[in-house]
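Working through the structure, step by step
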Amino acid sequence: MKAVINVNSRTYAIYIDKPLDISIPLRATKSNVNAWYIDEPIIEPVKMNDFIVSVEHGAPVNFNSILFNPHAHGTHTECVGHITEKKYSINQCLKQFFFVAEVITVAPEKLGDDFVISAKQLRFAIGNKKREAVIIRTLPNTTEKLSQQYSNTNPPYLLEEAAIYLKSKGVKHLLIDLPSVDKERDDGKLLSHNAFWNTDGKIRTEATITEFIYVPNSIEDGKYILNLQIAPFENDATPSKPVLYKLYE
């Protein structure tokens, strides 16, 4: 099934029956990807007295409750409400769901005891391209990212200068395959979050950060259409399902 899209006076085709899913599914197991020092998600049937609402236990339906944290347990999209006293909801901030996106691959550089992504690396990878969304795949890129336990591991992160660069390029939607754009322990400074959302000036309420994606190696760097699907939670963050579509001239 083909759709024709006009972007900046150029016409492209996408095949909507060939989506490229870059989300990590949420599973109720200890091997579910995890961060921020909490237990794995729980998915279990409701119990009413001695009755378990599950077909396996004789009920006519499966009726599960789910306990999870969007920031810790998988692909999620967040708005500036993640770091502000004022309440902002991702469901109110994100009103458009299709964007022109650039997939780039970056090998974090050693800086002291850390591995970081710098503005120089992003400038090299993006060049003079203008994109609404940038999707960062980090190296090494293995399927271990689907079940990695990140707590107390000091994962790679973006330097503040890198977030400033993306903001200066007009990037509104940043997607990355790490648990956070900031250092695991940074004394609450959250430099890259604050820089990207411009919290010291006019806050970019329309901008989003999506973390814990996974971009398979079969997806090449380059330009795509991004469909950023979210669950309609009135919260600073929500589970999300970013999907890419390859562009054909």
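Here's a quick rundown of the structure. Every chain begins its residue count from 1, and numbering advances along the sequence as written. Residue-level local features of this predicted model are given only where pLDDT is at least 70; pairs of side-chain atoms are given and counted only at 80 or more, and the full residue set underlies all totals for whole chains, interfaces and linings. The side-chain figures draw on all heavy atoms in the structure; neither hydrogens nor water molecules are used.

Some thoughts on the overall build of the chain
Runs of E in the DSSP output that reach at least two residues are strands. Runs of H or I that reach at least four are helices, and both are numbered from the N terminus. When its secondary structure is counted, the chain shows four helices and 17 strands. Relative to the compact-globule value of 18 Å for 249 residues, the chain shows a C-alpha radius of gyration of 19 Å, a close match. Relative accessibility thresholds used throughout: buried, under 20% of the residue-type maximum; exposed, over 50%; partly exposed, between the two (1.4 Å probe, protein chains only). The burial tally for the chain puts 46% of its 249 residues in the buried class. Residues are treated as being in contact if the distance between any of their heavy atoms lies within 4.5 Å. For the chain, contacts bridging at least 24 residues in sequence account for 73% of all contacts bridging at least 6. Residue exposure ignores everything except the shown protein chains as possible cover, and the areas themselves are Shrake-Rupley values with a 1.4 Å probe. Within the structure as shown, the chain displays about 13,000 Å² of accessible surface, and the carbon and sulfur contribution to it stands at 53%. We treat Lys and Arg as the positive residues and Asp and Glu as the negative residues; His and chain ends play no part in the count. Note that the charge is assigned to NZ on lysines, CZ on arginines, CG on aspartates and CD on glutamates. Separation of charge centres in the chain, based on 28 positive and 30 negative side chains, amounts to 8 Å. The atom set for the radius of gyration is the C-alpha atoms, and the globule formula is 2.2 Å times the number of residues raised to the power 0.38.

Examining the pattern of salt bridges
A pairing counts as a salt bridge when a side-chain nitrogen of Lys or Arg comes within 4 Å of a carboxyl oxygen of Asp or Glu. Overall, the coordinates contain seven salt bridges when judged by the stated rule. In this structure, Lys241 engages Asp21 in a salt bridge whose closest nitrogen and oxygen atoms are separated by 2.6 Å. Linking Lys241 in strand 17 (residues 237–246) with Asp21 in strand 3 (residues 20–21), this pair joins segments that are 220 residues apart in sequence. Take Lys241: its relative accessible area is 37%, and that puts it in the partly exposed class. The exposure class of Asp21 is partly exposed, given its relative accessible area of 34%. Between Lys145 and Asp177 there is a salt bridge; the shortest N-O distance is 2.6 Å. One end of the pair, Lys145, is in the loop between strand 12 (133–138) and strand 13 (157–158); the other, Asp177, is in the loop between strand 14 (173–176) and helix 4 (191–197), and 32 residues separate them in sequence. For the pair formed by Lys145 and Asp177, the shared burial category is buried. Taken together, the shared-partner salt bridges connect Glu102, Lys129 and Arg131 into one network.

Overview of the packing of aromatic side chains
Any two rings among Phe, Tyr and Trp, with Trp reduced to its six-membered ring, count as a pair given centres within 6.5 Å; such a pair is stacked if its planes are under 30 degrees apart, edge-to-face if over 60, and tilted if neither. One pass over the structure, following the stated rule, counts four aromatic pairs. Consider the rings of Tyr15 and Tyr248, whose centres lie 5.2 Å apart with planes at 85°: the pair is edge-to-face. Of the two residues, Tyr15 sits in strand 2 (residues 10–15) while Tyr248 sits in the segment after strand 17, which places them 233 residues apart along the sequence. On the basis of relative accessibility, which here comes to 33%, the residue Tyr248 falls in the partly exposed class. Look at Tyr150 and Phe212: their rings are 5.6 Å apart centre to centre, the planes differ by 50°, and that puts the pair in the tilted class. One end of the pair, Tyr150, is in the loop between strand 12 and strand 13; the other, Phe212, is in the loop between strand 15 (208–211) and strand 16 (222–230), and 62 residues separate them in sequence. In this structure, Tyr150 and Phe212 share a single accessibility class: buried. Here, over-ring charges are defined by two tests on the NZ atom of lysine or the CZ atom of arginine: distance to the ring centre within 6 Å, and angle to the ring normal within 35 degrees. A cation sits over an aromatic face here: Lys18 above Tyr15, 5.1 Å from the ring centre.

Digging into a nonpolar patch on the surface
Residues Met48, Phe51, Val61 and Phe63 make up a contiguous nonpolar surface patch of roughly 370 Å² in combined accessible area. By secondary structure assignment, the location of Phe63 is in the loop between strand 6 (51–52) and strand 7 (64–67). Within the patch definition used here, like charges are joined within 9 Å and nonpolar side chains (Val, Leu, Ile, Met, Phe, Trp, Tyr) within 5 Å, considering only residues with over 30% relative accessible area and no salt bridge.

Structural notes on the packing of helix 2 (residues 119–126) against helix 3 (residues 160–168)
Where helix 2 meets helix 3, the closest approach of the two axes is 8 Å, and the angle between their N-to-C directions is 35°. Only Glu161, Ala162, Tyr165 and Leu166 of helix 3 make contact with helix 2, whose side of the interface consists of Ala119, Lys120, Leu122, Arg123 and Ile126. For helices, the axis comes from a line fit to the C-alpha atoms of the stretch in contact; other axes are also lines fit to C-alpha atoms, and the angle between any two N-to-C directions lies between 0 and 180 degrees.

Some remarks on the sheet that holds strand 11 (residues 114–117)
When DSSP locates at least two bridges between a pair of strands, those strands are taken to pair. Pairing within the open sheet is mixed, and its three strands lie in the order 10-11-13. Lying at the two open borders of the sheet, with one neighbouring strand each, are strand 10 (109–111) and strand 13.

Some details on the pairing of strand 15
The two faces of the sheet receive side chains in turn, since in a regular strand these alternate between them. Because side chains alternate across strand 15, one face comprises the buried residues Thr208 and Thr210, and the other comprises Ile209 and Glu211, equally buried. Direction of pairing for strand 8 (residues 76–78) relative to strand 15: antiparallel, over a ladder of three bridges. Bridged to His76 within strand 15 is Glu211. Note that strand 14 and strand 15 share three bridges and pair parallel. The residue of strand 15 that forms the bridge with His173 is Thr208.

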